[in-house]
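Each chain, written out:
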Amino acid sequence: MAKWTPFPHAGDYQFDAASVKKHWARLHGGDAEPCPKDAAVLEAWALFHNGDFEKAAAAGLAAGGAGITAANKATSIYANYLEPKEKTRLDLFMQVAERAEAQAAAEPNNANAWYWHAYALGRYSQGISVAKALAQGLGGKVKESLEKAIALSPKHADARIALGAFHAEVIDKVGSLIGGMTYGAKKDTGLKLFQEALKLNPGSAIAMIEYANALVMLEGDKKMKEATALYEKAAIAEPLDAMERLDVEMARSELEEE
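Just so we're clear, the structure is a prediction, and the values are computed from it rather than from any experiment.

*Asks:* Please set out the overall build of the protein residue by residue, giving values where relevant.
*Replies:* Within the protein one finds 14 helices and zero strands. The secondary structure elements of the protein, listed N-terminal to C-terminal, are α-α-α-α-α-α-α-α-α-α-α-α-α-α. Taken over C-alpha atoms, the radius of gyration comes to 17 Å for the protein, in line with the 18 Å a tight globule of 258 residues would show. Considering only C-alpha atoms, the protein reaches an extent of 50 × 40 × 35 Å along its principal axes. Burial analysis of the protein (258 residues in total) assigns 54% to the buried set. The long-range share in the protein, meaning contacts at least 24 apart out of those at least 6 apart in sequence, stands at 60%.

Structure follows, in structure tokens:
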């Protein structure tokens, strides 16, 4: 397999097992992942939070068990932000979706197995076009897995963000009538999910970014001012780890392009 593109700020984050444990609640405010007991899994998470995504994925897979979740998150975040080749990105998302599906089958009560299954399929869907993905029946799988993740982990802010984005994207692509009748997508439900996510994880840059995008998709230009304010807030958030840094930088670059 080709080498992964390195995190552009290598060395800026210096987590080890002890500091990951200490900051666990704040680092995992989005995904509500339980702090692992296994030292090898904790090590994989330290690599992830430092931005060493390739090593984190390998370490998580080698550790097995809860390490699969670390590997899936590392692979997904890498593919989303740093992988330059579209085909490779889509392949990585499909790998995560398949691994997470197997993990969910083995551990049906593991909220993040369902979450990463949905996240990877959702990003894959965006890559091939949402309309094409809906035609392939991926929309229902994404929605179902996210609803399971939230039912299993009521404080899962990131699953709410992804489900809110699902409602917004479906309505944006097929309209509210077909979106509601065929896919169960509703504007009010989508917006409420983002508000809940921000209550659960108030400093989340990615929640602000995705909420802003959804507002424009669902409400158009009349919400542009509110959406820009959310982007501005995301752009000045203080990132604690590599993933948050990538979120904040995405907000900044979007504002610069406006």
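*Asks:* Hey, could you go over the side chain of D31 for me, with residue numbers and the actual values?
*Replies:* Relative to the assigned elements, D31 resides in the loop between α2 (24–27) and α3 (39–50). Here K73 takes part through its side chain, which lies 2.8 Å from a polar atom of the side chain of D31. With near-sequence residues (within four places) excluded, D31 lies in contact with W45, K73, N112, H156 and D158.

*Asks:* Explain the nonpolar core residue by residue, including any values.
*Replies:* Side chains of a nonpolar character, in soluble globular proteins, are inclined to be buried together. F48, F53, I77, Y115 and L146 are the most contacted members of the largest nonpolar core, which totals 86 residues. In contact with Y115, other than residues within four places in its own chain, are L146, A149, H156, D158, A159 and A162.

*Asks:* Give me the pattern of salt bridges: which residues, what numbers.
*Replies:* The final tally for this structure, using the stated rule, is 17 salt bridges. The partner of E249 in a salt bridge is R245, with the nearest N and O atoms 3.2 Å apart. Within this pair, E249 and its partner R245 are both found in helix α14 (residues 242–257), separated by four residues, close to a single helical turn. Classification of E249 by relative accessible area gives partly exposed; the value is 26%. Judged by its relative accessible area of 17%, R245 is buried. Among the charged side chains, a salt-bridge network with shared partners connects D12, R245 and E249.

*Asks:* Tell me about α14, residues and numbers included.
*Replies:* With 16 residues, α14 extends 23 Å between its outermost C-alpha atoms, agreeing within 8% with the 22 Å of an ideal straight helix rising 1.5 Å per residue. For α14, the complete set of buried residues consists of A242, M243, E244, R245, L246, D247, V248 and A251. Check the buried side of α14 and you find it contacts α2, α3, α4 (53–63), α5 (67–81), α12 (205–219) and α13 (224–235). Structurally, the start of α14 carries an N-cap: the backbone nitrogen of M243 is 3.4 Å from a side-chain oxygen of D241.

*Asks:* Just give me the short version of the environment of Q136, but keep the residues and values in it.
*Replies:* Turning to its location among the elements, Q136 is positioned in the loop between α8 (130–135) and α9 (138–152). Look at Q136 and you get partly exposed, because its relative accessible area is 48%. Separated by eleven residues in the primary sequence, Q136 and S125 place their C-alpha atoms 9.5 Å from one another.

*Asks:* Tell me what's going on with the packing of helix α10 (residues 157–183) against α12, and back it up with residues and numbers.
*Replies:* Their axes nearest at 9 Å, the elements α10 and α12 cross at an angle of 20 degrees. By the angle between their axes, α10 is roughly parallel relative to α12. α12 is crossed by α10, and the crossing has left-handed handedness. Between α10 and α12, the residues in contact are I161, A165, A168, E169, I171 and D172 and I206, A207, E210, A214, M217 and L218, respectively. In terms of residue class, the contact of α10 with α12 is made up of nine nonpolar, no polar and three charged.

*Asks:* Tell me what's going on with helix α7 (residues 111–128), and back it up with residues and numbers.
*Replies:* Here α7 spans 26 Å end to end across 18 residues, near enough to the 26 Å set by a 1.5 Å rise per residue. By the criterion of burial, α7 is predominantly enclosed, with 16 of the 18 residues buried. One side-chain oxygen at the N-terminal end of α7 lies 3.1 Å from the backbone nitrogen of N112; it belongs to N110. Positive backbone phi, at 100 degrees, marks S129, one or two positions downstream of α7.

*Asks:* Which residues make up the environment of N50, and what are the values?
*Replies:* With respect to the helices and strands, N50 occurs in helix α3. Separated by 39 residues in sequence, N50 and G11 place their C-alpha atoms 7.3 Å apart. For N50, the contacting residues outside a window of four places in its chain are F7, Y13, Q14, F15 and A242. For N50, the side chain forms a polar contact with the main-chain nitrogen of Q14, separated by 3.4 Å. Within the structure, the side chain of N50 is placed 2.6 Å from the backbone nitrogen of F15, a separation counted as a polar contact.

Definitions and limits used
Residues numbered from 1 in each chain as written. Predicted model: local features only at pLDDT ≥ 70, side-chain atom pairs only at ≥ 80, totals over all residues. Heavy atoms only, no water. Helix = DSSP H or I, 4+ residues; strand = E, 2+ residues; numbered from the N terminus. Rg over C-alpha atoms; globule rule 2.2 N^0.38 Å. Buried < 20%, exposed > 50% of the residue type's maximum accessible area, 1.4 Å probe, protein only. Contact = heavy atoms within 4.5 Å. Polar contact = N/O pair within 3.5 Å; in protein donor to acceptor, adjacent residues only side chain to side chain. Core = buried A, V, L, I, M, F, W, Y, C linked by side-chain atoms within 4.5 Å. Salt bridge = Lys/Arg side-chain N within 4 Å of Asp/Glu carboxyl O. Expected span 1.5 Å × (residues − 1). Axes fitted to C-alpha atoms, helices over the stretch in contact; angles between N-to-C directions. Parallel < 35°, antiparallel > 145°, perpendicular 65-115°, else oblique. Left-handed = near helix turned anticlockwise from the far one by under 90°. Nonpolar A, V, L, I, M, F, W, Y, C, P; charged D, E, K, R; others polar.

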